[in-house]
Amino acid sequence: MQDLVYLRNYSASLQQQVRQLLADGKLEPALQQRYPEQSHPVQTDKALYELTMALKRQWLKSSEPLSKVVFDPKIHVINNALGTHTQISRVQGGKLKSKNEIRVAALLRQLPLPLLQMVVVHELAHLREKDHNKAFYKLCLHMEPAYHQLELDLRLYLTLLEHTANKP
Ligand SMILES: [Zn+2]
């Protein structure tokens, strides 16, 4: 039975449903129907930075500043890391200053915008909560009420892309 690496945390019945959709060639049309806008204008680091700052201003005004937001072609979505948030602390002028960076998998340039936004929301939430705990997901849902559905859809896209790439 095919191992669906992106869906390991979901129920066996959901995984079985996805296997059936893949076998019938129905996953792609289902996703296309859900996301009629397949492409989006957020293609550059500058556009990504602006999108991220707009979300940050809307939801996390008082959180720490961001020094950098970029697309990273080296992020391997297979390790469940769709984006990364790093905080680098250094002493500057006798004070401890921290720099926050968000990196987003470059692959998200090719997927529908709501899915990219969901990853940005995830990384922004890490400005407040370092761990994937209850408070973290509560914050994600506050910023994006469809967070869980979007995460599932993103994983379905990744499953589809892998399936298509591996087809003989
Ligand atoms: Zn995370």
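Further up the page is the structure itself.
Predicted, not measured: the structure shown is a model, and the values here were computed from it.

Quick question: what am I supposed to make of the coordination of the zinc ion here?
Donor atoms from the polypeptide that bind the zinc ion are His-122 (NE2), His-126 (NE2) and His-132 (NE2), placed at 2.1 Å. Among the residues examined, His-122 registers a relative accessible area of 14% and is labelled buried.

Help me understand helix α6 (residues 147-166) in this model?
The α-helix winds at 3.6 residues per turn, so residues separated by three or four positions along the chain end up facing the same way. Between the first and last C-alpha of α6 there are 29 Å, a value that for 20 residues agrees with the 28 Å anticipated at 1.5 Å per step. Within the span of α6, buried status applies to Tyr-147, Leu-150, Glu-151, Leu-152, Asp-153, Leu-154, Arg-155, Leu-156, Tyr-157, Leu-158, Thr-159 and Leu-160.

What is the right way to read the packing of aromatic side chains from this model?
Two descriptors summarise a pair of aromatic rings, namely the distance from one centre to the other and the angle between the planes of the rings. Evaluated as defined, the whole model comprises three aromatic pairs. Ring geometry for Tyr-35 versus Tyr-157: centroids 6.2 Å apart, planes at 55 degrees, classification tilted. With a gap of 122 residues between them, Tyr-35 in the loop between α2 (27-34) and α3 (45-59) and Tyr-157 in helix α6 connect regions that are remote in the sequence. In terms of burial, Tyr-35 and Tyr-157 fall into one category: buried. Ring pairing ties together the aromatic residues Phe-136, Tyr-137 and Tyr-147, which thus form one cluster. The ring of Phe-71 carries Arg-109 above its face, with NZ or CZ at 5.0 Å from the centroid.

How should the side chain of Arg-19 be read in this particular structure?
Structurally, the position occupied by Arg-19 is in helix α1 (residues 12-23). One buried charge, Arg-19, has no salt-bridge partner; the nearest side chain with opposite charge is Asp-3, at 5.6 Å. Residues in contact with Arg-19, not counting those within four places in the same chain, are Met-1, Gln-2 and Leu-4.

Quick question: what am I supposed to make of the packing of helix α4 (residues 113-125) against α6 here?
Two quantities define a packed helix pair, namely the angle between the axes and the distance from one axis to the other. It is at 9 Å that the axes of α4 and α6 come closest, and there the two elements cross at 120 degrees. One finds that α4 runs oblique with respect to α6. Where α4 crosses over α6, the handedness of that crossing is left-handed. For the pair formed by α4 and α6, the contact residues are Pro-114, Leu-115, Met-118, Val-119, Val-121 and His-122 on the first element and Tyr-147, Leu-150, Glu-151, Asp-153, Leu-154 and Tyr-157 on the second. Classifying every residue of the contact of α4 with α6 by side-chain character gives nine nonpolar, one polar and two charged.

Conventions and cut-offs
Residues numbered from 1 in each chain as written. Predicted model: local features only at pLDDT ≥ 70, side-chain atom pairs only at ≥ 80, totals over all residues. Heavy atoms only, no water. Donors = N, O, S within 2.8 Å, 3.2 Å for Na, K, Ca; no water. Buried < 20%, exposed > 50% of the residue type's maximum accessible area, 1.4 Å probe, protein only. Helix = DSSP H or I, 4+ residues; strand = E, 2+ residues; numbered from the N terminus. Expected span 1.5 Å × (residues − 1). Phe/Tyr/Trp six-rings, centres within 6.5 Å; stacked < 30°, edge-to-face > 60°. Lys NZ or Arg CZ within 6 Å of the ring centre and 35° of its normal. Lys, Arg positive; Asp, Glu negative; His and termini not counted. Salt bridge = Lys/Arg side-chain N within 4 Å of Asp/Glu carboxyl O. Contact = heavy atoms within 4.5 Å. Axes fitted to C-alpha atoms, helices over the stretch in contact; angles between N-to-C directions. Parallel < 35°, antiparallel > 145°, perpendicular 65-115°, else oblique. Left-handed = near helix turned anticlockwise from the far one by under 90°. Nonpolar A, V, L, I, M, F, W, Y, C, P; charged D, E, K, R; others polar.

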